[in-house]
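Below, each chain spelled out in residue letters.
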Amino acid sequence: MHGYGSYSRPGTAAGALGGGLRGGLQMASGGRPGTASFPNLPGYRRPGIEGDTRRENFYKDPQKKAQSLHFINGIPMVKSNLSSRPNTASIDDLISLNRTQMPRDANQFSDLSGRYSLAKQRRDRENLAKISSNMVVSKIGRRTVPAITTLSMKSSSNSYVNDNNSVSTWGGNFNDDASSVVSAYPSHDNTAPLPPVLLFYGYYFEDIAESNMESKRIHRCELYLYTEDGSIEIIECKQENSGMPQGNVLRRRKVEKRGGGYVGINDMKMGGVAEIYSRGYSIIGCNDSTLRFIRANLNWTEEELRQSSWPDDEFIKRNKEKMMRETGTPGVNRNRKMHEMKEYMEALLGKPKAMSDLGSFLQVGNKTLCFDIVWDDTDRLYGDVRLFKLCYFLSDDTMEIVPVHTRNDGRDQFPKLLKRSKVPKDIRNPSGDFYTWRDFRIGGVINVYQRAMTIARADKFTRDFYVEKNMNIGNDIELTGGPDIKYERQIPPYNGFGSEEDSLRSCTGSIRPGVPKRHFHYDKRGHITRFNAKMLTNKNDDKVRRFVIQYYLEDDTVAVREPPLRNSGIVGGQFLRRQPMKHSDGTKVLAGDLYVGAILSLNCHKFLLLDADEGTYRLMENDVMTFPLSNYEGLHQLLRDYRHAIKAYFVKESSNGNDKQLDFQGLKACMGKVGLGKLKKQELVTIWRKLDKRGKGKVSWMKLVKLTEDKPIHVTIQDHNEGLAGAWGDM
């Protein structure tokens, strides 16, 4: 020690709480005035020691040190030192400065009033080496600490005895007198034997509250008592498939008793219960070396040395029976295979199933023979001819059968018909002969668990394998399927509810059909054809009614409007809302189906199209692909073919004194006389619009004659954005 005063613990009569803070700080006899001994606790520091230049300079410096930059955990911090300290410090000054005072050095680990530094440890080892030629060190964990020679040890073959003839440990002895405490570090030279480690067997109970199979479970443990320091280590014995965390229950350490002292060897008597951290360990026995040590050094009675067996545990009993069922007993055939996952894990760790399997694998590796086999099951009800693929593994003579699925075959997508295994030739003798690669031939039949399967084909590798073995397996069998069945989806007829497109969505197979997609022609947006029509009926009231039929080319829909007729008794307006329409034969009404003179049937009503407006005529004449009856180029070529007959007709009419003026009815009569009576009214309207461009109603018949002799006129389709104003400019 360095001449410091004693330290009184807080809370005692001499401490800060009992006698005041000033009374708890005692001045050192040779120390500095105003200084006191402080504990070596975190946050407390002691003043320097005489002869220590570094510490003396720390207190003699009257000047305040300048701020300096320090790196703390990689972060630059500005640290400011405290102001200069006076030589004579009061108690209040000491309290304010206690966190910056230097710690006091200790001489051993058990001295908690100071710090046993690494430098002090090194000096102690050097001094000890000078005293004794043989330096003894004791290794605790990974730290090397000196062995103190204050304990007088007498080495023998089986025991370590101190001065009072008791077996010693760190901090105590094995006798009942717990007050007999020896030095914390036993000393022995290189010739002395190592302190023994005693092994005791014990168990403790664990309550099981959520199981109907057991109410408590027994944990078997091994308790190691180190005579070197009196520490205890507890390891729970591992039980196979117990599902409990096992291993180290208590690390090596000294265990305090509830009433004081430490758990020692006298607490490990057979049949007793050692309480360690509120858990009772029932001791049932020890190993042979521990028993010999106790007989040689302790005066235990035979009753205290009587060992017992482990108690019955229902869980261990059931687990043992289960493992017997799983793995079986050697020499007893229980017709039960080892679990595949367990077999796989053992093989993964390097255990082969048999030496023959290992040799086969090293010879052939993962080579596999592949065959196409056919199973004809038509003899059974709803049976069928099915195709499978057989894979034979040469490494272990196992086979696997997988089905060959085709599109829309109506079968579940099962991955395998037979998992990889050996297939017996006779199912009644499963341990008898098994199929091998020598039993396979093209056209041959194998019995796979009462299923007769015919081998039909083999791949190239399989054929090469049999060629190497000088075996002929035959030619492949051509597999001919049955007649191709063409499946057609039958669409039910439209029932009239909702739109037809919406009803067809229910036939697509979707559980939640969405809104039908609308077909829209963006290049014909805004194009509408309008026709004046009348109803073909036998009712006199309906004969006078007139209708306007509108066709929207952008989405192929039809709407019918009825203009109001005065004193008819019929309210005009919308006759048929805009919607797609169909003919009586089920075909859709298209734009080309509407022309002058056509008869259109809409919802059991027949309409005769009388005429159209000017915009409709221009639209039809500029889109001859959609409206072929308005193709003037084709009509002009037809008139050129009949020009002589047309001339003869008008010569005859002029000789009869008829008027040389021609109207639409006259054009119709002329076409009928010259052999063109098959022309429809829309075609006659197209020709008449070429003759009567100004719309006077009558033209000279010479104009028709000249029209038949002119060159063909090409009508161009104009873009709808440019308008149709100049459609007739060149005609």
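Residues numbered from 1 in each chain as written. Predicted model: local features only at pLDDT ≥ 70, side-chain atom pairs only at ≥ 80, totals over all residues. Heavy atoms only, no water.

Caption draft 1: How the structure looks around the overall build of the chain. Along the chain, the regular secondary structure elements total 17 helices and 28 strands. Going through the 731 residues of the chain one by one, you find that 33% of them count as buried. In the chain, of all internal contacts separated by at least 6 residues, the share reaching a separation of at least 24 is 50%. With an accessible surface of roughly 47,300 Å², the chain has 50% of that area assigned to carbon and sulfur atoms. (Helix = DSSP H or I, 4+ residues; strand = E, 2+ residues; numbered from the N terminus. Buried < 20%, exposed > 50% of the residue type's maximum accessible area, 1.4 Å probe, protein only. Contact = heavy atoms within 4.5 Å. Areas by Shrake-Rupley, 256 points an atom, 1.4 Å probe, with all protein chains shown as cover.)

Caption draft 2: The arrangement of a positive patch on the surface in detail. Among the surface-exposed residues, K693, R694, K696 and K703 lie close enough to one another that they form a single positively charged patch. Tracing the backbone shows K696 in the loop between α16 (681–691) and β28 (699–700). (Patch = residues over 30% accessible without salt bridge, like charges linked within 9 Å, V, L, I, M, F, W, Y side chains within 5 Å. Salt bridge = Lys/Arg side-chain N within 4 Å of Asp/Glu carboxyl O. Lys, Arg positive; Asp, Glu negative; His and termini not counted. Charge placed at Lys NZ, Arg CZ, Asp CG, Glu CD.)

Caption draft 3: Main features of the packing of aromatic side chains. In this structure the tally under the stated criterion is 17 aromatic pairs. Measuring from centroid to centroid gives 6.4 Å for F664 and W688, while their planes differ by 80°, and the two rings are edge-to-face. Taken as a pair, F664 in helix α15 (residues 664–673) and W688 in helix α16 lie far apart in primary sequence, 24 residues in all. Judged by relative accessible area, W688 falls into the buried class, the value being 11%. It is K216 that lies over the ring of F205; its NZ or CZ is 5.1 Å from the centre. The cationic tip of K690 hangs over the ring face of Y632; the distance from NZ or CZ to the ring centre is 5.4 Å. (Phe/Tyr/Trp six-rings, centres within 6.5 Å; stacked < 30°, edge-to-face > 60°. Lys NZ or Arg CZ within 6 Å of the ring centre and 35° of its normal.)

Caption draft 4: Spotlight on the sheet that holds strand β24 (residues 573–579). Pairing in this open sheet of six strands is antiparallel, and the strands run β24-β23-β22-β21-β26-β25 from one edge to the other. Among the strands making up the open sheet, the edge pair consists of β24 and β25 (599–602). Recorded for the sheet is a direction-independent mean angle of 30° between the axes of neighbouring strands. For β25 and strand β26 (residues 605–612), the ladder comprises four bridges, and the chain directions are antiparallel. Counterpart to S601 in the pairing with β26 is K606. Packed onto the sheet, helix α12 (residues 614–622) meets β21 (528–535) and β26 and runs at close to 120° relative to β21. (Pairing = 2+ DSSP bridges. Axes fitted to C-alpha atoms, helices over the stretch in contact; angles between N-to-C directions.)

Caption draft 5: A look at the pattern of salt bridges. On inspection of all chains with the given rule, the structure shows 27 salt bridges. Between R689 and E614 there is a salt bridge, and its shortest N-O distance comes to 2.9 Å. Here R689, found in helix α16, pairs with E614, found in helix α12; they are 75 residues apart in sequence, far enough to count as distant. Residue classification places R689 among the buried positions, given a relative accessible area of 14%. Judged by its relative accessible area of 38%, E614 is partly exposed. Sharing partners across several salt bridges, the network here consists of E614, R618, E621 and R689.

Caption draft 6: Geometry of the packing of helix α13 (residues 632–641) against helix α17 (residues 701–709). Between α13 and α17, the least distance of the axes is 8 Å, while the angle of their chain directions is 100°. Here α13 lies roughly perpendicular to α17, going by the angle between them. Contacts from Y632, H636, L639 and R640 of α13 reach α17 at L707, T708 and E709. Classifying every residue of the contact of α13 with α17 by side-chain character gives three nonpolar, two polar and two charged. (Parallel < 35°, antiparallel > 145°, perpendicular 65-115°, else oblique. Nonpolar A, V, L, I, M, F, W, Y, C, P; charged D, E, K, R; others polar.)

Caption draft 7: Region of interest: the side chain of T616. Looking at the secondary structure, you find T616 in helix α12. A relative accessible area of 0% means that T616 is categorised as buried. Within polar-contact distance, the side chain of T616 engages the side chain of D613 at 2.3 Å. Those residues in contact with T616 that lie beyond four places of it in its chain are I528, T529, R530 and F531. (Polar contact = N/O pair within 3.5 Å; in protein donor to acceptor, adjacent residues only side chain to side chain.)

Caption draft 8: Expanded view of the side chain of T462. Checked against the element boundaries, T462 lands in helix α9 (residues 460–468). Given the relative accessible area of 0%, T462 is considered buried. At a separation of 2.3 Å, a polar atom in the side chain of T462 contacts the side chain of D459.

Caption draft 9: Geometry of unusual backbone geometry. A positive phi angle is found at Y277, which is not glycine, with a value near 55°. Tracing the backbone shows Y277 in the loop between β13 (273–276) and β14 (279–286). Residue classification places Y277 among the partly exposed residues on the basis of a relative accessible area of 45%. Here Q450, not a glycine, exhibits a phi torsion of approximately 65°, which is positive. Within the secondary structure, Q450 sits in the loop between β19 (445–447) and β20 (452–458). The exposure class of Q450 is exposed, given its relative accessible area of 58%.

Caption draft 10: Region of the structure containing the packing of α13 against α16. It is the contact of α13 with α16, at a shortest axis distance of 10 Å, that shows an interaxial angle of 85°. By the angle class used here, α13 and α16 are roughly perpendicular. Residue-level inspection shows Y632, L635 and L639 of α13 in contact with α16, the latter providing E683, T686, I687 and K690. Broken down by class, the residue content of the contact of α13 with α16 amounts to four nonpolar, one polar and two charged.

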